[in-house]
Structures are given as C-alpha cells and as structure tokens.
2 protein chains.
Amino acid sequence: MADLAQLAGVSKITVSRALGDSPLVNPETRERIQALAREHGYKLNISARNLRLRRSHTVAVIVEMKPSTDRTMFDPYPLVLLGGISQELTAAGYSVLLTTRQGATAAAVQAADGLILLGQGVHQDAVRRFDKLRLPMVVWGARSQSDAHVVVGSDNRLGGALVARHFIALGRRRPVFIGNPSHPEIFERLSGFVDALAVHGIKPLLMRRDDFTLDSGMDAVRSLHARKVGFDAIFACNDLLAMGAIRATLDLGRSVPADVSVVGYDDMPLGASFLPPLSSVRQDWQEGGMLLARKVLALIEGESANSESLAVSLIVRST
Amino acid sequence: MADLAQLAGVSKITVSRALGDSPLVNPETRERIQALAREHGYKLNISARNLRLRRSHTVAVIVEMKPSTDRTMFDPYPLVLLGGISQELTAAGYSVLLTTRQGATAAAVQAADGLILLGQGVHQDAVRRFDKLRLPMVVWGARSQSDAHVVVGSDNRLGGALVARHFIALGRRRPVFIGNPSHPEIFERLSGFVDALAVHGIKPLLMRRDDFTLDSGMDAVRSLHARKVGFDAIFACNDLLAMGAIRATLDLGRSVPADVSVVGYDDMPLGASFLPPLSSVRQDWQEGGMLLARKVLALIEGESANSESLAVSLIVRST
DNA sequence: AAACGAAATGTTATCGATATCTTGATACCG
DNA sequence: CGGTATCAAGATATCGATAACATTTCGTTT
C-alpha cells in the first residue's frame, strides 16, 4: 500500500480510504488510486486488516463430514445448507471456515467472529463443547427448553403433525414411527406426531432404529411382522428408512399405499423416482442456511437474535 | 501476550517461544508459562500471527454447492472429499476456507495459502479462472494434456476400461455409454471404455445426456428403444443414470442382467439396495481428499507435486 | 583466573493495514 | 475582511505476534 501511495503521490492512508470507497477522499483521487491498484494487481493484505480491525470476517461452520449411517446430517442436504450459509455470508463480506468437530480446536477457529454448528449431536453434546469458545453461536437443529443459544431449524413438530393429520385423513388407526428419537430433531418429529394423533385418541408405536439406512427401514418392518404387530401407516424419520420400509412391506405381500401408508422425511430427489413415488416432508435447506447466516451476523453485530423454525410441507405422492 | 509476560515476569518473546514449544526456552519456564496461559484462558491472536508470518495457514476449497442436475460434484461425495481434505489439512495445522465459485473473489480467498478446486467444470472453464489468483492450486478432476497445474483424480480411464472388460467377459457386443463427455472426467471414462472395447473390435454407442438424474437415464433407454437401436450392455457415468436405465429397461420387458448388463459409477450406498443390486465403479473419495490436501501442502512448502490418479475398482453385484 | 562458549532471555524492528487526531486549503457568511 | 464551515489529505499510533540481533549468565576449558 505504501508503494501504491508513492505511485499516486499521496499518503498510505489516502490509498486505504480510496480503496475503501471512503467519502473522505476526492472522487477523482479515488478513481485514480483505484485504477492504479487494478493496473498493478494490488491486493489488500487481509491479515493486516484483520489485525487492525480485530475482526476476521470469518464464520466457522462445524459439520460432521464422515459418512456414517447413524446421522441425519448427511446426503446432499448439508451441502445445500452450506450453500445457503455461504451465499449469505459472502454477500456480507464474510467467509466460511469449514471444520469438523475434531478440528474445531484448530487455531483458525478461535479467530472466527462467529460459529455455526450443524447438528446438535445426540443429547446436545456438541453444543456444550462449543459454547466454551464464547463466540456468537447459532445452531441448526431443534430447540430445547434449556438452551441459551440461538437455534434455527425446520419445524419438526409441525412435520410430525402434518404426517399425523394425513394419516388420520386417510383413516389410518395403527401408525408406526421409525427412527432414533435421541436426536433432538427426530424427537421433535416424533413428539409432533404423537401429539397430533393423541387428539384422535391414537397412540403410535415407536420402532427405534439408530441407522438412517434403507436396510434399517426394511429391518424395522420385518421385525414388526415377526412380532405379529399390526400396522396400517408408517412415518419414517428420513426417506431412506421410508423406502426400506416400503420395500419390506411389499415383500411381505402387502400393498403400499392400499394397505399401508408411508411418509418419509427430507423429500430427497430420488424419492420422487422411487416406485411407488414416495410421499415425504420437505424442508427448505437453502433458506435454513441463509437464516443461520443472518442470525450469526446479527449476533456478531451485537444485535440480538431469536431462535426460529422454518415451516415444512408435506409432499403427497403415491405412498 | 504482553500481560502474560508480565504475569510470568519474562518478556513477550519468551512467552511466544514458550507457547510455540521452542527449544530456546528453559523447559521449566516453558511449563510455567503454558500453565499460566491455560489458567487465564489465553488465546493467540491468529491475525497478528498471520500478518507476521505472512501465512494464513488456510487453504481455500472451491466447490459448487447449488444442487443441480447437470453436475457430477453432488450427492454425499463432495462431502466425503471435503472430509478427507479437512482431516489432512487440520493435521498439518491448516484450515479449510469453503467457497463457491461465485464467492471465490472474496477477500479471504486471496489470503489463502493455497487453493483446491473441486471439479474442473465443463471445458476447464473454472480452472482458468482461478489460475489467475497465482496461488498454489490443486484440482480434482481429470488430467488434460495442456494444463500446468496439478490434478488429482481417480483413474477414470481405468474405470471405463474395467467396465469394458467386464462386458467383454460377459460376451456383450453392443454396449452403450450414457453421460455427458463435456466434463473432462466423464470424457476419460468414455475414452477408457472406448479404447478397451476397440481391442475387441467393438465400438460403443454414445447416448449423450446432460443431466445426471434417474429420469435422464430412463429417458436415454426409452430413446434407444424408440429409435429401435439394439443394445446388450449399458455403462452409465453415474449411478443415478444407471438406475434409471435399469428401470426403463425393465419397463420395456427386457431383463437385467440376462438381456442387458448395466454398470454405474460412484457406487453410491443406495446402489447396493437397489433392485436389482447395482454393479458400479467405486472411487475412494476420502483418500482422494487426503491426497489433494497433501499436494497443496507440498506446493505451499515450495516442493513440487505431480498429478496423480487413484485406482478405482469395479464392484460387481447383480446387474 | 582469563577466556570462551553454550544456554536463556531481552531489545528492537517489522508485518500491512486503519483509527484518531491534525493540518492545510478553499468556500461562505455577515 | 475576519472568522468559521467544509473538504481533502497527512502524521502518528496501534493492532499482537515473531525474526533477527544483542545481551546476560553461567559453566567449562586451558
């Protein structure tokens, strides 16, 4: 910047102002300096600026990246969530620092201005860990009574309720829920489902499955059959489980949706092409990411931010 | 750090050395200072360190995050790739700065010590753009004759050849390739496929499809049928296309694999659960990510790095 | 006992930007 | 015409760490 100042015949500070579009410099001078900067391929030293401004203009996003069968945060979705986050942060002049839970102790993370945590983990364990960094933090997941931090997520209770009402409307009386309610989000889905059914005096059966896979879904239905449990509707807490459940149901010689209604969650693209096309609850991941970003930015600016739930919608196809 | 120095009764530089585990300080002094730092929750100011060291210890990873049907870099895989990258970089004390192609002009990106580009884009367009940043860069994709930069990717030619040999072994004579060879990686798969078939005097038919979706795969087969083109084997350049092709083939009353053999690419988890279980070419994304990271790190250290291809394997299931 | 050398620590300068406080020049007012 | 706004630009200090060079301390050598 000093060199550029000499070239332009002004002082460093004027260059700094000109490049920052400050109204304190003469528009002509500003133009001239900016042209000179472009011409010489000048690039601001971000580290110096960060040091001086005491801001890194960086938000750390903590995500689990190892594929694993017992997680919701997998599949293309987190990537879309990341896309939303990235879009919004970039627009505000911030960058995304991506970390795993393990790597979150890395130096650069403590330099971040804020934190976005994707997935609370079973029993909020992840949340507690990162609370200690004392950074503005926003979490993707489900609200819990006890937390002090901001949570953004889709309205899982509503998702569960929508499915329940759908089943009721279809006259189903013996619904089953498949999934792992240890995840706060899944728990909310289950609880919305249970409550909405309770209104009609129906109590669903919980088939707890830890893996979010197709095989796990098949296994759940086979196990129901083996135990001679009757059921006429299945709410699976993700689409893979739902597809597995459908396949196993068909294998057992029962019809979907004539004998058994099935609804999944996430509305993954493949679901629409499944045979039969899968009904599912859709969440808007992109919007969720953008909302997460806006909330951290607000916190960073010292403003307050509230937890928020995004509406979900039930996509009814053929199951 | 000055405060800490005063507390310990030493100078700033001694604190700096102690925290950096420098052998220049007395082990006892080092212990004492480190204990003091922990006790007071001292955190290094990364921006200051970056400024002084002229290193940000950050690698920018450029990835496309918007879901789109015409891309290979989608589905869970880039996330696994990112996982590999992240793991390796974190171990080396580096962080991952995640950006989209649009956001890659952002300030923080130019502060990065290196660049990893996931996906070359059609006709290398993305590569050329980022070459201009003059940063150590490593690209995930396919090697081309003309590029000066380091490319890491799986051995797509080998993938194509494996499938070709598999078809030959099965006695297939009229193979079809489905995909979009404008992507360098897909082009390599096709070219490996074509070359290996040529040895046996067979020339495959190219069904160009731009979307990497199940519907697109179905459409391809229907179109073949409508044009009364005979075929007894299909190599689809990803698993979704393959599944679509299988479904359409079955719909037309032909058997898979009795009448038509089908092989996909990527070996996505769902493929194993597909009916019939899908044969596919598997690439090791995690390892690929780690390799990418190691290469940029080498370049950053001023060492040289060569382009490299990772072996792939053909997983034969029932198609 | 003087001289030397290694170990431990300190002094100073520096990385590159920006905030704050000043200064200088010009315009405008009654 | 003196005095005050207004605008443009400069001087200096500072953000927090570390590299290079300087110094002190002590033990060892001859």
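Residues numbered from 1 in each chain as written. Chains lettered and ligands numbered in written order. Predicted model: local features only at pLDDT ≥ 70, side-chain atom pairs only at ≥ 80, totals over all residues. Heavy atoms only, no water.

Where do I start with the overall build of chain A in this structure?
When helices and strands are tallied, chain A shows 13 helices and 12 strands. Its C-alpha atoms give chain A a radius of gyration of 25 Å, clearly above 20 Å, the size a compact globule of 319 residues would have. Counting only C-alpha atoms, chain A reaches 85 × 40 × 35 Å along its principal axes. Evaluated residue by residue, chain A yields a buried proportion of 57% over its 319 residues. Of the contacts made within chain A by residues no fewer than 6 positions apart, 69% connect residues no fewer than 24 positions apart. (Helix = DSSP H or I, 4+ residues; strand = E, 2+ residues; numbered from the N terminus. Rg over C-alpha atoms; globule rule 2.2 N^0.38 Å. Buried < 20%, exposed > 50% of the residue type's maximum accessible area, 1.4 Å probe, protein only. Contact = heavy atoms within 4.5 Å.)

Sorry, what's going on with the interface of chain A and chain B here?
Interfaces are often sized by the amount of accessible area the parts lose when they come together. Counting from both sides, the interface comprises 40 residues of chain A and, opposite them, 40 residues of chain B. Across the interface of chain A and chain B, roughly 3700 Å² is buried in total on both sides, 70% from carbon and sulfur atoms. Counting the contacts that link chain A with chain B gives zero salt bridges. Summed over the shared surface of chain A and chain B, the result is four residue pairs in polar contact (both at pLDDT 80 or more). Secondary-structure elements contributing two or more residues to the side of chain A that touches chain B are α4 (46–53), α5 (76–91), β2 (95–99), α6 (107–111), α10 (214–226), α11 (239–251) and α12 (269–273) of chain A. (Buried area = accessible area lost by both parts, 1.4 Å probe. Salt bridge = Lys/Arg side-chain N within 4 Å of Asp/Glu carboxyl O. Polar contact = N/O pair within 3.5 Å; in protein donor to acceptor, adjacent residues only side chain to side chain.)

How should I be thinking about the protein's contact with DNA strand C in this particular structure?
The environment of DNA strand C is made up of 26 residues, and the closest members are M1, S16, Y42 and R52 of chain A together with S11 of chain B. Counting only atoms of DNA strand C within 4 Å of the protein, the sugar-phosphate share comes to 61%. In the model, a phosphate oxygen of DNA strand C is placed 3.0 Å from a nitrogen or oxygen of the M1 of chain A main chain. Between DNA strand C and Y42 of chain A, the relevant distance is 2.4 Å, taken from a phosphate oxygen to a side-chain nitrogen or oxygen of the residue. Elements supplying a minimum of two residues to the surface near DNA strand C: α2 (12–19) and α4 of chain A together with α2 (12–19) and α4 (46–53) of chain B. Among the elements that make up the surface near DNA strand C, the one with the highest residue count is α4 of chain A (five residues). Across the surface near DNA strand C, the residue classes tally to 12 nonpolar, six polar and eight charged. (Near = heavy atom within 4 Å. Nonpolar A, V, L, I, M, F, W, Y, C, P; charged D, E, K, R; others polar.)

Just checking my understanding: could you explain the domain arrangement of chain A for this structure?
By the assigned domains, chain A splits into domain 1 (2–44), domain 2 (58–154 + 285–305) and domain 3 (156–282). The distance between the C-alpha centroids of domain 2 of chain A and domain 3 of chain A comes to 29 Å. (Domains from an automatic or database assignment.)

What am I meant to see in the relation of the copies chain A and chain B here?
Superposition of the two copies of the chain requires a rotation about an axis and a shift along the axis. With an RMSD of 0.1 Å, chain A superimposes on chain B once it is rotated by 180° and translated 0.0 Å along the axis. Here the copies are linked by what is in effect a two-fold axis. With an isologous cut-off of 70% or more, the 100% of interface residues of chain A that recur at the interface of chain B puts this contact in the isologous class. (Least-squares fit on C-alpha atoms with pLDDT ≥ 70 in both.)

For this particular structure, what's the right way to read unusual backbone geometry?
Glycine aside, residues mostly have negative phi angles, and peptide bonds mostly take the trans form. Here the residue pair L275 of chain A and P276 of chain A is connected by a cis peptide bond, since its omega of -5° sits within 30 degrees of zero. Located in the positive-phi region is R134 of chain B, a residue other than glycine, with phi close to 55°. Looking at the secondary structure, you find R134 of chain B in the loop between α7 (125–131) and β4 (137–140).

Sorry, what's going on with α11 of chain A here?
Residue and element names in this part refer to chain A. With 13 residues, α11 should cover 18 Å at 1.5 Å per step; its first-to-last C-alpha distance of 18 Å lies within 8% of that length. Most of α11 sits inside the fold, with 11 of its 13 residues counted as buried. Among the residues making up α11, those that are buried are D239, L240, L241, A242, M243, G244, A245, I246, R247, A248 and T249. Put simply, N238 is the residue that caps the front of α11, since its side-chain oxygen is 3.2 Å from the backbone nitrogen of L240. Positive phi shows up at G253, right after α11, with a value of about 85°. (Expected span 1.5 Å × (residues − 1).)

Can you walk me through the sheet that holds strand β9 (residues 261–265) of chain A in this structure?
Pairing between the strands of a sheet comes from backbone hydrogen bonds, and it takes one of two forms, parallel or antiparallel. Residues and elements named next belong to chain A. If you walk across this open sheet you meet the six strands as β7-β6-β8-β9-β10-β12, and the pairing is mixed. With partners counted over all chains shown, the strands left at the sheet margins are β7 (205–208) and β12 (313–315), one partner each. Taken over all neighbouring pairs, the strand axes of this sheet differ in orientation by 20° on average, direction set aside. Here four bridges tie strand β6 (residues 175–179) to strand β8 (residues 233–236), and the two strands are oriented parallel to one another. Bridge pairing links P175 to A233 in β8. Strands β6, β8, β9, β10 (279–282) and β12 of the sheet are contacted by helix α8 (residues 156–169), whose axis makes an angle of about 165° with β9. Strand contacts of α10: β6, β7 and β8, with the helix running at about 130° to β7, the strand carrying the most contacts. (Pairing = 2+ DSSP bridges. Axes fitted to C-alpha atoms, helices over the stretch in contact; angles between N-to-C directions.)

Would you mind going over the packing of aromatic side chains with me for this structure?
All names here are of chain B. The full count for this structure, using the stated rule, is 12 aromatic pairs over all chains. Look at F177 and F193: their rings are 6.2 Å apart centre to centre, the planes differ by 45°, and that puts the pair in the tilted class. Taken as a pair, F177 in strand β6 (residues 175–179) and F193 in helix α9 (residues 184–198) lie far apart in primary sequence, 16 residues in all. Under the relative-accessibility criterion, F177 is labelled buried at 0%. (Phe/Tyr/Trp six-rings, centres within 6.5 Å; stacked < 30°, edge-to-face > 60°.)

Before we go on, may I ask you to explain the sheet that holds strand β7 (residues 205–208) of chain B in this structure?
Residue and element names in this part refer to chain B. The mixed open sheet is built from six strands, whose spatial order is β7-β6-β8-β9-β10-β12. Edge strands, defined here as strands with exactly one partner in the open sheet, are β7 and β12 (313–315). Pairwise comparison of adjacent strand axes, ignoring direction, gives a mean angle of 20° for this sheet. Pairing of strand β9 (residues 261–265) with strand β10 (residues 279–282) involves three bridges; the strand directions are parallel. Within β10, the residue paired with V263 across the bridge is S279. The strands touched by helix α10 (residues 214–226) within the sheet are β6, β7 and β8 (233–236), with β7 carrying the most contacts at an inclination of about 130°.

Is there a simple way to think about the pairing of β2 of chain A in this case?
Looking down a regular strand, the side chains alternate between one sheet face and the other. Burial analysis of β2 of chain A places five of its five residues in the buried class, which makes it a mostly covered element. Taking every second residue as pointing to the same face, both faces of β2 of chain A are buried, with S95, L97 and T99 of chain A on one and V96 and L98 of chain A on the other. Direction of pairing for strand β1 (residues 58–62) of chain A relative to β2 of chain A: parallel, over a ladder of five bridges. Residue pairing across strands places T58 of chain A opposite S95 of chain A, the latter belonging to β2 of chain A. Pairing analysis gives three bridges linking β2 of chain A to strand β2 (residues 95–99) of chain B, with the strands arranged antiparallel. Across the sheet, the residue bridging to L97 of chain A is L97 of chain B, located in β2 of chain B.

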